[in-house]
Structure formats: structure tokens, C-alpha cells
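# Examination of the molecular architecture
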Amino acid sequence: MVAVFFRNKRNYDCLLDSPSINVFNISDRWAGSRYNVDQQCSFQIGKQTTVCPFAFAKKNICRELWCKNGQRCKNLNIPALDGSTCAQDKVCVRGQCVLESEKDNYTELDAPIHGQWSSWSQVSSSCSRSCGGGLQHRLRECNNPA
């Protein structure tokens, strides 16, 4: 499909242009506190877009963000950003609507655990061929925290 697109090229130099609006930065752990759900919808679909009115009452925006563009609501099949308000005194954290006062309890689970490789396991299968070029399986895991 991409090859056909470029083979039939007319003037697609616009694809090389830098974005004309500010870049949407979601690197912050709690980016949803910086960008409310209406802004998240507008970043995904375009200006004049808001979160669907029924989204807070009937849907879990922490799992599925529903946005309204004109008269239609559309499921974006993405969650609202972590830190987004999902109910009174609650925010989204990893697909769940949790008390804002407890959100920091969830950050530790995201912290990397530096580890080392385990020793190789014993050979777990016989050779797949009787002579030359066969396979045998061994396993090791990154499961030894430093």
C-alpha cells in the first residue's frame, strides 16, 4: 500500500512538514493532569472535539476514551492518559479509576528492576535430528535483580 502511494506520487512533500501545532507531550507520568480529556480528544480527532457526555456516566474512560465530533460519539480504542480525571477525586491509572490520593502507590510498579541473566537451564529436549543441524532447547531468564 505504501509503495503504491509513493509510486503514484504527485506532490506529497507535505508529509515532510513539521507539525504546525505544539507537539503533544505525554512523557510525563501523569500527563492526563496536564491535558484534560477534551484536549486529548482534540489531539486525536481535531479541534471542536470533546469527550462524549455519556462517557463519564456509562463508560470507563480509563479503558476507552469516547470523543464527540459534531453529533457523533466515537470510541478511540485508547485509554485516557494516566492522571486524567475520571470521577470526583479520582484519576486514571493503568486503565483503572482510582482515588487521586492513592495514585502514587501505582508508580513503583513501573520502576525498572535491574537484573542479571540466570544460568542456562539443562537441555530440555533431545536433538531434533539424528545427524547434523538439529536443535536442542535451553532457557535462561532475566530474573536475578541486582
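Residues numbered from 1 in each chain as written. Predicted model: local features only at pLDDT ≥ 70, side-chain atom pairs only at ≥ 80, totals over all residues. Heavy atoms only, no water.

## Quick notes on the overall build of the protein
The line we're drawing: Here a strand is any run of E in DSSP of at least two residues, a helix any run of H or I of at least four, and the numbering for each starts at the N terminus. Only protein chains enter the accessibility calculation, which uses a 1.4 Å probe; a residue whose area is less than 20% of its type maximum is buried, one above 50% is exposed, and one in between is partly exposed. In this description, accessible areas are obtained by the Shrake-Rupley approach with a 1.4 Å probe, and a residue is regarded as covered only by the protein chains that are shown.
What the protein contains, in helices and strands, is 3 helices and 8 strands. Moving toward the C terminus, one meets the helices and strands of the protein in the order α-α-β-α-β-β-β-β-β-β-β. Out of the 146 residues belonging to the protein, those deemed buried represent 21%. Of the roughly 11,300 Å² of accessible surface on the protein, 50% is carried by carbon and sulfur atoms.

## Notes on the sheet that holds strand 6 (residues 96–99)
Hydrogen bonds between backbone groups are what pair the strands of a sheet, and the pairing can be parallel or antiparallel. In plain terms, the rule: Pairing between two strands is assigned when DSSP locates at least 2 bridges connecting them. The convention used is that axes are lines fitted to C-alpha atoms, helices contributing only their stretch in contact, and that angles between N-to-C directions extend from 0 to 180 degrees.
Spatially, 4-5-6 is the arrangement adopted by the 3 strands of the open sheet, whose pairing is antiparallel. Two strands close off the open sheet at either side, each with one partner strand: strand 4 (85–87) and strand 6. On average, adjacent strands in this sheet sit at an angle of 50 degrees to one another, irrespective of strand direction.

## With respect to the sheet that holds strand 1 (residues 49–51)
For clarity, the cut-off: Two residues form a contact once any of their heavy atoms are found within 4.5 Å.
Strand order across the open sheet formed by 3 strands is 1-2-3, with antiparallel pairing between neighbours. Strands at the two margins of the open sheet, each flanked by one partner only, are strand 1 and strand 3 (72–75). Looking at each pair of strands side by side, their axes are set apart by 35 degrees on average, direction ignored. In terms of strand pairing, strand 2 (residues 66–69) meets strand 3 through 4 bridges, oriented antiparallel. By the bridge assignment, Lys68 is partnered in strand 3 with Cys73. In the packing of helix 2 (residues 37–44) onto the sheet, the strands contacted are strand 1 and strand 2, and the crossing angle to strand 1 comes to about 135 degrees.

## Details of the packing of aromatic side chains
Which entries qualify depends on this criterion: For this analysis, a ring pair means two rings from Phe, Tyr or Trp (six-membered ring only for Trp) whose centres lie within 6.5 Å, classed as stacked if their planes differ by under 30 degrees, edge-to-face if by over 60, and tilted for the remaining angles. We call a charge positioned over a ring when the NZ of a Lys or the CZ of an Arg lies within 6 Å of the ring centre and within 35 degrees of the ring normal.
Counting across every chain of the model gives 1 aromatic pair. Ring centres of Tyr35 and Phe43 lie 5.3 Å apart, and the angle between their planes is 80 degrees; this geometry places the pair in the edge-to-face category. For Tyr35, a relative accessible area of 13% gives the class buried. For Lys103, the ring lying beneath its charged end belongs to Trp30, and the centroid distance is 4.9 Å.

## As for the state of the cysteines
Spelled out, the test is: When two cysteine sulfur atoms are found within 2.5 Å, that pair is recorded as a disulfide.
Evaluation of the coordinates by the stated rule reveals 4 disulfides. Each disulfide pairs two cysteine sulfurs, and for Cys41 the partner residue is Cys67, the sulfurs being separated by 1.9 Å. For the disulfide bridge between Cys41 and Cys67, the dihedral angle about the S-S bond is near -80 degrees, and by the sign convention the bridge is left-handed. Here Cys41 is found in helix 2, whereas its partner Cys67 is found in strand 2, with 26 residues between them in sequence. Judged on exposure class, the residue Cys41 and its partner Cys67 are both buried. Note that Cys52 is cross-linked by a disulfide to Cys73, the S-S spacing being 2.2 Å. Disulfide Cys52-Cys73: torsion about the S-S bond near -140 degrees, hence left-handed. With Cys52 in the loop between strand 1 and helix 3 (55–58) and Cys73 in strand 3, this residue pair connects regions lying 21 residues apart in the sequence. On the accessibility criterion, Cys52 (1% relative accessible area) is buried. By sequence-ordered numbering of the bonded cysteines, the protein has its disulfides arranged as 1-4, 2-5, 3-7, 6-8.

Everything listed here is a matter of geometry and, on its own, says nothing about what the molecule does.
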